[in-house]
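# Notes for the structure review
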Amino acid sequence: MSDSKRVLLAEPRGYCAGVDRAVETVERALDKHGAPVYVRKEIVHNRHVVETLSDRGAIFVSETDEVPEGAIVVFSAHGVSPEVHKTAAQRSLRTIDATCPLVTKVHQEAKRFARDDYDILLIGHEGHEEVEGTAGEAPEHIQLVDGPDSVEKVSVRDESKVIWLSQTTLSVDETMETVKRLREKFPLLADPPSDDICYATQNRQVAVKAMAPHCELVIVVGSKNSSNSVRLVEVAVQNGAQAGYLVDYAREIDDAWLDGVTTVGVTSGASVPEVLVRGVLDYLAERGYDSVETINTANETLTFALPRELRPARTAR
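### As for unusual backbone geometry
Omega for the peptide link from glutamate 11 to proline 12 comes to 5°, which places this bond in the cis form. Structurally, the position occupied by proline 12 is in the loop between β1 (6-11) and α1 (17-33). For the bond running from alanine 35 to proline 36, omega is -5°, close enough to zero to count as cis. With respect to the helices and strands, the residue proline 36 is situated in the loop between α1 and β2 (37-40). Positive phi outside glycine occurs at lysine 41, with the angle close to 65°. Residue position: lysine 41 is located in the loop between β2 and α2 (47-56). Positioned with a positive phi, serine 92 is a non-glycine residue whose angle comes to about 55°. Counting through the fold element by element, serine 92 comes out in the loop between α3 (82-90) and β5 (94-97). Of the residues examined, serine 92 reaches a relative accessible area of 47% and is grouped as partly exposed.

Right under this line is the structure:
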């Protein structure tokens, strides 16, 4: 019966405050300085955003040494290590730092505990830009712990001076499982002064957990290199959805996924513009899923000021 088909739409979803700020930083830099503006790595992990900014004249590079001397370079929302700041200065680059303030907070924690000579156990995914940036703050004090299974390899100098920090975009559940195993091994393990898992990552996972038990299928809009988007698919399946898929665009949906499905859950990662979610909802509506119910588990009101280089000048009275 076609009228029983429905979509559950997770709220909150999509852009978080840090992503919003980072994308706007590149747009404002282009407005102010004209093209090209160089960006180290992807400003946020979303294909559509990167392609749209490229069309406007942003040039994405892997490292600062690819940027012409004296040019403008924006650092991505994921943060960079002190080494990157140093090489940018050596090339006289004009830097605009779009690092998410929540990532900056983890960097400050890493520096502080390194100064106090702690062993810092950084829970995160190997090779992720955020992890590389944070670890670069104190490489001699930081060890990466990539999930619960890598705990047995960890060794520390002094079991009474150990603290954990984490990549901001991880799954809350997996992180706490890793912490639990670390604490079994190091009973005196200290917690970070404040929760490192980003509010937006957490909120998006909570919304999916509320929605998943009622869905045969959950579609997460997001890119494959977006850690928080990949986690949302895992959270959906672990919490009752029969299937979960990650798509960048509606056109990537396989109609076979919809066979026998009455309820489709839809959400999006923290770096995903709402226009892509609308595309998925339109696609589903054309196939009879035209009843949309929002599952709201939190209201997000946080915003971050732009980097100071791009804030409007105060007019003198």
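### Describing the pattern of salt bridges
Two side chains carrying opposite charge are able to pair once their charged atoms lie near each other. Counted under the stated rule, the structure contains 25 salt bridges. Residue arginine 40 is joined to glutamate 63 by a salt bridge in which the shortest nitrogen-to-oxygen separation is 3.2 Å. With arginine 40 in strand β2 and glutamate 63 in the loop between β3 (58-61) and β4 (72-75), this residue pair connects regions lying 23 residues apart in the sequence. Look at arginine 40 and you get buried, because its relative accessible area is 9%. Here aspartate 173 makes a salt bridge to lysine 209, at a shortest N to O gap of 2.9 Å. Of this pair, aspartate 173 sits in helix α6 (residues 172-185) while lysine 209 sits in helix α7 (residues 199-211), and the two are 36 residues apart along the sequence. One connected set of salt bridges, linked through shared partners, spans Glu11, Arg13, Glu274 and Arg278.

### Overview of the environment of cysteine 16
When you line up the elements, cysteine 16 lands in the loop between β1 and α1. Here cysteine 16 falls in the buried class, since its relative accessible area comes to 10%. When the C-alpha atoms of cysteine 16 and valine 272 are compared, they prove to be 8.9 Å apart, with 256 residues separating the residues in sequence. Aside from chain neighbours lying at most four places away, what touches cysteine 16 is Tyr199, Ala200, Arg204 and Ala270.

### Examining the packing of α7 against helix α8 (residues 227-238)
Their axes nearest at 9 Å, the elements α7 and α8 cross at an angle of 25°. With respect to α8, the axis of α7 lies roughly parallel. Crossing of α7 over α8 shows right-handed handedness. Here Thr201, Arg204, Gln205, Val208 and Lys209 of α7 lie close against α8, whose contacting residues are Asn228, Arg231, Leu232, Val235 and Ala236. For the contact of α7 with α8, the class distribution of residues is four nonpolar, three polar and three charged.

### Some points on the state of the cysteines
Evaluated as defined, the whole model comprises zero disulfides. Here cysteine 100 stays unpaired: no disulfide links it, and the sulfur of cysteine 16, its closest cysteine neighbor, is 6.1 Å away. The exposure class assigned to cysteine 100 is buried, which follows from its relative accessible area of 10%.

### A closer look at the layout of surface pockets
Here the idea is plain: a probe the size of a water molecule rolls over the atoms and shows the empty space left. Volume-wise, the largest pocket comes out at about 230 Å³. Where the lining of the largest pocket is concerned, the elements lending two or more residues are α1 and α7. For the lining of the largest pocket, the residue count by class is 10 nonpolar, three polar and seven charged. There is about 190 Å³ of room inside the second largest pocket. Class assignment for the residues of the lining of the second largest pocket results in two nonpolar, four polar and five charged.

### Some words on α1
In a regular helix each residue adds 1.5 Å, so 17 residues correspond to 24 Å; α1 covers 24 Å between its end C-alpha atoms and thus fits that length. Looking only at α1, the buried set comprises Ala17, Gly18, Val19, Arg21, Ala22, Val23, Thr25, Val26, Ala29 and Leu30. Where α1 ends, the next residue or the one after it, glycine 34, has phi of about 75°, a positive value.

### Details of the side chain of threonine 99
Of note, threonine 99 is situated in the loop between β5 and α4 (101-115). Of the polar contacts made by the side chain of threonine 99, one reaches the side chain of aspartate 97; its length is 2.5 Å. For threonine 99, the contacting residues outside a window of four places in its chain are Arg21, Phe75, Ser76, Ala77, Gly79, Val80 and Thr104.

### Examining the packing of aromatic side chains
Scanning the entire structure with this criterion turns up two aromatic pairs. Where phenylalanine 113 meets tyrosine 118, the ring centres are 5.3 Å apart and the plane angle is 80°; that geometry is what we call edge-to-face. Their ring planes at 0° and their centres at 3.8 Å tell us that tyrosine 245 and tryptophan 257 sit as a pair that is stacked. Of the two residues, tyrosine 245 sits in strand β10 (residues 243-247) while tryptophan 257 sits in the loop between β10 and β11 (263-268), which places them 12 residues apart along the sequence.

What counts as what
Residues numbered from 1 in each chain as written. Predicted model: local features only at pLDDT ≥ 70, side-chain atom pairs only at ≥ 80, totals over all residues. Heavy atoms only, no water. Helix = DSSP H or I, 4+ residues; strand = E, 2+ residues; numbered from the N terminus. Buried < 20%, exposed > 50% of the residue type's maximum accessible area, 1.4 Å probe, protein only. Salt bridge = Lys/Arg side-chain N within 4 Å of Asp/Glu carboxyl O. Contact = heavy atoms within 4.5 Å. Axes fitted to C-alpha atoms, helices over the stretch in contact; angles between N-to-C directions. Parallel < 35°, antiparallel > 145°, perpendicular 65-115°, else oblique. Left-handed = near helix turned anticlockwise from the far one by under 90°. Nonpolar A, V, L, I, M, F, W, Y, C, P; charged D, E, K, R; others polar. Disulfide = S-S within 2.5 Å. 1 Å grid on protein atoms, 1.4 Å probe; cavity = no way out; pocket = protein on both sides within 12 Å on 5 of 7 lines; lining within 4 Å. Points joined across faces, edges and corners; volume = space filled by probe spheres on them. Expected span 1.5 Å × (residues − 1). Polar contact = N/O pair within 3.5 Å; in protein donor to acceptor, adjacent residues only side chain to side chain. Phe/Tyr/Trp six-rings, centres within 6.5 Å; stacked < 30°, edge-to-face > 60°.

Keep in mind these values describe shape, not function.
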